[in-house]
Amino acid sequence: MDLTYTEAEEEFRAGLREWLAKVLPGLPDRPSPDDWPGRRAYDAGWQRMLHDAGYADVHWDASPTRRLIFLEETERAGAPYVGANFVGLLHAGPTIAAEGTPAQRERWLPPVLRGDEIWCQGFSEPDAGSDLAALRTRAVRDGDDYVVTGSKIWTSHAEVADWCELLVRTGPATAGGAATPKHRGITWLAMPMDAPGVTVRPLRTLAGSTEFAEMFLDEVRVPVANRVGAENDGWRVTMVTLSFERGTAFVGEVVACRRTLGRLAREARRNGRWDDPVLRRRLGRLHAEFGALWRLTQWNVSEAETSGGVPGVGGSVFKLRYSHARQELYDAAAEVLGAGSLSLDEEWTLDRLSSLSYTIAAGTSQIQQNIVAERILGLPKGR
């Protein structure tokens, strides 16, 4: 596959660099991690700046390659990350763009692009673990509404969200006494977070932040018109969501990790740790690892160009290796920084704690290994 950029794509890169260089120096400081209303306002404000400059649509209307360039350049420039807009821009928005009706795209996509509305993700449940298809939150059809009852956990940005991409069970897990594949009874809904019956309880992470929450749903009424895809076809729609989550949502983070690695090498030279040949080899191997992950990202994006813009199963290969490489990077950071890596006041420490979640978030490493084994290598399912 061609992993090079066209002249038009390089012109887009140059224009974006020029714009970033002009606007970034004037941005205010980002609010405290504990100030979620402030962070929402900050992230929404940045998204509005992107919208007004003509860059807001890169996450679904632009080609995958242009999206890659955008994420690469904004990360290299130190621009704000999507933050509270993460689910809307990188998960729900692309899914609705790919699977929604014209009316749904017209209703939900413009507010996300302008930064007017924030989305959260209601997939995981307390009793389902990594088996997403085992979800129990039930939606019963009642006229023009679904009545939803159940609970979700690790609901990203639920504290400040306007909408939730919600997976519910609308069909049975068994039929006629015989087991039916659990994924066949799942439906993808867009749920308004201000609907009666929605209760959100923030969860505090190891690093002290509250970007996740428990969510309890007590007979919440969601219009049938808010269903994306057909009833009981939500598993297929969810695979579209997860392909974006695993395939392109981490692109900017690869760039960030390569930049972090460079900072680590400079710090090792400054504090004398560079004299350790074992550490130098470790940093060199990580440099090669993230270089390879970047090329894999380009390959996945190139593949998406030929498949309607939706990343393929190669995203699972990327996510599997990236999750472990990120953890190895921050283990190396602890080795370079020594006792300085233990303070919760240091960015390094918070990033290291965050890295521990990456082998769980967006599908555990065990799930990714199964996907690679079954869908890419063609191995039989385990019994």
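Residues numbered from 1 in each chain as written. Predicted model: local features only at pLDDT ≥ 70, side-chain atom pairs only at ≥ 80, totals over all residues. Heavy atoms only, no water.

Turning to the overall build of the protein, a few remarks are in order. Counting secondary structure elements, the protein contains 11 helices and 10 strands. Per-residue burial over the protein gives 50% buried out of 383 residues. Contacts in the protein between residues far apart in sequence, at least 24 positions, make up 75% of those at least 6 positions apart. Surface summary for the protein: the accessible area is close to 17600 Å², and the carbon and sulfur share equals 52%. (Helix = DSSP H or I, 4+ residues; strand = E, 2+ residues; numbered from the N terminus. Buried < 20%, exposed > 50% of the residue type's maximum accessible area, 1.4 Å probe, protein only. Contact = heavy atoms within 4.5 Å. Areas by Shrake-Rupley, 256 points an atom, 1.4 Å probe, with all protein chains shown as cover.)

Following the sequence through the fold, Y146 ends up in strand β3 (residues 145–152). The exposure class of Y146 is buried, given its relative accessible area of 0%. Between the C-alpha atom of Y146 and that of T170, which follows or precedes it by 24 residues, the distance is 9.0 Å. Beyond its immediate sequence surroundings of up to four residues, Y146 is in contact with A139, V140, R141, T170, L189, V220, R221, V222, V224, R227 and E231.

The geometry of two aromatic rings is summed up by the distance between their centres and the angle between their planes. Under the defined criterion, the tally for this structure stands at 7 aromatic pairs. Centre to centre, the rings of Y81 and F86 are 6.3 Å apart; their planes meet at 50°, and the pair counts as tilted. Residue class for Y81 comes out partly exposed when judged on its relative accessible area of 31%. Residues W108 and W119 carry aromatic rings whose centres are separated by 6.0 Å and whose planes lie at 85° to one another, so their mutual orientation is edge-to-face. (Phe/Tyr/Trp six-rings, centres within 6.5 Å; stacked < 30°, edge-to-face > 60°.)

What follows deals with the pattern of salt bridges. The tally for this structure, following the rule as stated, stands at 23 salt bridges. The closest approach of N and O atoms between E335 and R282, which form a salt bridge, is 2.6 Å. Pair noted here: E335 is in helix α9 (residues 314–337) and R282 is in helix α8 (residues 277–305), with a separation of 53 residues, a long-range link. By relative accessible area, which is 27% here, E335 ends up partly exposed. With a relative accessible area of 24%, R282 lands in the partly exposed category. Put simply, E10, R13, R17, E72, E73 and R76 are held in one network by salt bridges that share partners. (Salt bridge = Lys/Arg side-chain N within 4 Å of Asp/Glu carboxyl O.)

Turning our attention to the packing of helix α1 (residues 7–23) against helix α3 (residues 64–76). Relative orientation of the contacting elements α1 and α3 amounts to 30°, with a least axis distance of 10 Å. When the axis of α1 is compared with that of α3, the two are roughly parallel. Crossing of α1 against α3: the hand is right-handed. For the pair formed by α1 and α3, the contact residues are A8, E9, F12, R13, L16, R17 and L20 on the first element and T65, R66, I69, F70, E72, E73, T74 and R76 on the second. Here the residues of the contact of α1 with α3 are counted per class, giving 6 nonpolar, 2 polar and 7 charged. (Axes fitted to C-alpha atoms, helices over the stretch in contact; angles between N-to-C directions. Parallel < 35°, antiparallel > 145°, perpendicular 65-115°, else oblique. Left-handed = near helix turned anticlockwise from the far one by under 90°. Nonpolar A, V, L, I, M, F, W, Y, C, P; charged D, E, K, R; others polar.)

Without other data, these values stay purely geometric and don't point to any function.
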